[in-house]
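Commentary on secondary and tertiary structure
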Amino acid sequence: MEAILASSLAKVTSTASLAKASGAVSGSVLVGLKSMPKAAAAIIGGVVAVAAVPVVLGTMGFTGAGIAASSLAAKMMSVAAIANGGGVAAGSLVATLQSVGAAGLSMPSKIFLGSVGSALASLMV
């Protein structure tokens, strides 16, 4: 009889411990779920920031084939050339944007833009 009682007591004790541990685990999972929207926003913000650059530059007229005629990029190039006496200065904003439009972003630029996009998106959530 004592053996059965001891066995039953052990089962009740282990079940109570398991229930308590399960509650602790599910509580920590719920805490993790509360921070998921912020993490998801950070990831999405970083991806969007890096992916948007070629799209925006292409829309402005900075393409891989050169500056598109009758575009904002063409107007910017015209203004820069007039300001510099007929040519676009190396390292100027127009030259840099054309370089990025033609060749894409460098890896350090992608990392920087991704970090800034992540930070800004996580602040918005």
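Placed above this text is the structure.
Okay, so let's go over this structure. (Residues numbered from 1 in each chain as written. Predicted model: local features only at pLDDT ≥ 70, side-chain atom pairs only at ≥ 80, totals over all residues. Heavy atoms only, no water.)

Looking at the overall build of the chain
Counting secondary structure elements, the chain contains five helices and two strands. In the chain, which comprises 125 residues, the proportion classed as buried is 18%. For the chain, the proportion of contacts with a sequence separation of at least 24, taken over those separated by at least 6, is 58%. For the chain, the exposed area adds up to about 8,500 Å²; of that, 75% sits on carbon and sulfur atoms. (Helix = DSSP H or I, 4+ residues; strand = E, 2+ residues; numbered from the N terminus. Buried < 20%, exposed > 50% of the residue type's maximum accessible area, 1.4 Å probe, protein only. Contact = heavy atoms within 4.5 Å. Areas by Shrake-Rupley, 256 points an atom, 1.4 Å probe, with all protein chains shown as cover.)

As for the packing of helix α3 (residues 72-83) against helix α4 (residues 93-103)
In a packed pair of helices, the relevant descriptors are the angle between the two axes and the axis-to-axis distance. In the contact formed by α3 and α4, the axes pass within 9 Å of each other and the chain directions differ by 145°. The crossing of α3 and α4 is left-handed. Only Leu93, Val94 and Leu97 of α4 make contact with α3, whose side of the interface consists of Met76, Met77 and Ala80. Residues of the contact of α3 with α4, tallied by class, amount to six nonpolar, no polar and no charged. (Axes fitted to C-alpha atoms, helices over the stretch in contact; angles between N-to-C directions. Left-handed = near helix turned anticlockwise from the far one by under 90°. Nonpolar A, V, L, I, M, F, W, Y, C, P; charged D, E, K, R; others polar.)

All we've got here are geometric facts, nothing functional implied.
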